[in-house]
Amino acid sequence: MSTRATYEFKDQYGSHTVYIHFDGYPSNAYKYIQNALKLAWELPRFEADEFAAAFVATNKNREGGVRLTDGRDSYFDTKYHYVVSLQGTKIFTERYEPDGFSENRIWSLVQVGYLDDMLEEHCK
């Protein structure tokens, strides 16, 4: 499926955003984030740029489809935006959805929680 999503990795120094052209609905998105843990620094060490690199390395397995981007509004047809950070010693996520597919769309925060909880809720 072509459910487009962006993934923003944030820490105290800034953020880095990755766009994936396919399978961005929550049940896949949280697995994509979990995949990055295989190559990222062991928690609780979390550096947004390094985690974003691990995210790309573990989820880009064919040509096209995964890109670095300037942010969630770089593509008008993005259905989901995920923000990934560290709270305490755990990966924390925020999920946003737009009110449509125009340049002037408004993003609403739909769900927040620790990655483990999101995996349990959406990936049973």
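The structure contained in this document is the topic of the report that follows. (Residues numbered from 1 in each chain as written. Predicted model: local features only at pLDDT ≥ 70, side-chain atom pairs only at ≥ 80, totals over all residues. Heavy atoms only, no water.)

## Description of the nonpolar core
In step 1: In terms of nonpolar packing, the biggest core is built from 26 residues, with Y7, F9, I20, I33, F51 and F55 touching the most fellow members.
In step 2: Counting residues per element, the ones that place at least two in this core are β1 (5–11), β2 (14–20), α1 (26–36), α2 (48–59), β4 (80–87) and α3 (115–122).
In step 3: Beyond its immediate chain neighbours, meaning those up to four positions away, F55 contacts Y7, F9, V18, I20, Y32, I33 and A36. (Core = buried A, V, L, I, M, F, W, Y, C linked by side-chain atoms within 4.5 Å. Buried < 20%, exposed > 50% of the residue type's maximum accessible area, 1.4 Å probe, protein only. Helix = DSSP H or I, 4+ residues; strand = E, 2+ residues; numbered from the N terminus. Contact = heavy atoms within 4.5 Å.)

## Quick notes on the packing of α1 against α3
In step 1: Where α1 meets α3, the axes come as close as 9 Å, and the angle between the chain directions of the two elements is 145 degrees. Classified by chirality, the crossing of α3 by α1 is left-handed. Note on element contacts: α3 touches α1 through L115, M118, L119 and H122, opposite P26, S27, Y30, K31, I33 and Q34.
In step 2: The class makeup of the residues in the contact of α1 with α3 is 6 nonpolar, 3 polar and 1 charged. (Axes fitted to C-alpha atoms, helices over the stretch in contact; angles between N-to-C directions. Left-handed = near helix turned anticlockwise from the far one by under 90°. Nonpolar A, V, L, I, M, F, W, Y, C, P; charged D, E, K, R; others polar.)

## Describing the packing of α1 against α2
In step 1: As a packed pair, α1 and α2 sit with axes 7 Å apart at the nearest point and diverge in direction by 110 degrees. On the basis of the axis angle, α1 is roughly perpendicular to α2. Two packed elements cross with a definite hand, and for α1 against α2 that hand is right-handed. Touching Y32, I33, N35 and A36 of α1 are F51, A54, F55, T58 and N59, all from α2.
In step 2: Classifying every residue of the contact of α1 with α2 gives 6 nonpolar, 3 polar and no charged. (Parallel < 35°, antiparallel > 145°, perpendicular 65-115°, else oblique.)

## Notes on the sheet that holds strand β3 (residues 66–69)
Neighbouring strands of a sheet are bound in pairs by backbone hydrogen bonds; such pairs are parallel or else antiparallel.
In step 1: Read across the sheet, 6 strands follow the order β3-β2-β1-β4-β5-β6 without closing on themselves; strand pairing throughout is mixed. With one partner strand each, in any of the chains shown, β3 and β6 (107–114) form the two edges of the open sheet. The sheet shows a mean angle of 25 degrees between the axes of neighbouring strands, direction not considered.
In step 2: Contacting β1, β2, β3, β4 and β5 (90–98), α2 crosses the sheet at an angle of about 15 degrees to β2. (Pairing = 2+ DSSP bridges.)

## Side note on the pattern of salt bridges
In step 1: Scanning the model with the defined rule gives 4 salt bridges in all.
In step 2: With a shortest N-O distance of 2.9 Å, E47 and R45 are connected by a salt bridge.
In step 3: When its relative accessible area of 28% is taken as the criterion, E47 is described as partly exposed.
In step 4: Looking at R45, the relative accessible area reads 39%, which means it is partly exposed. (Salt bridge = Lys/Arg side-chain N within 4 Å of Asp/Glu carboxyl O.)

## Remarks on the side chain of T93
In step 1: The residue T93 is located in strand β5 in this model.
In step 2: Once residues within four sequence positions are removed from consideration, T93 is found in contact with Y30, I33, V83, Q111, V112, G113, L115 and M118.

## Structural notes on the pairing of β4
Regular strands place side chains that alternate from one sheet face to the opposite one.
In step 1: Of all 8 residues making up β4, 6 are buried, and the element is well covered by its neighbours.
In step 2: One ladder, built from 5 bridges, connects β1 with β4; its direction is parallel. What sits directly across from F9, in β4, is V84.
In step 3: When β4 meets β5, the two strands line up antiparallel, connected through 7 bridges. What sits directly across from V84, in β5, is T93.
In step 4: Taking the residues that link successive antiparallel strands as the turn, the β4-β5 hairpin has 2 residues, and the phi of G88 there is positive, at about 70 degrees.

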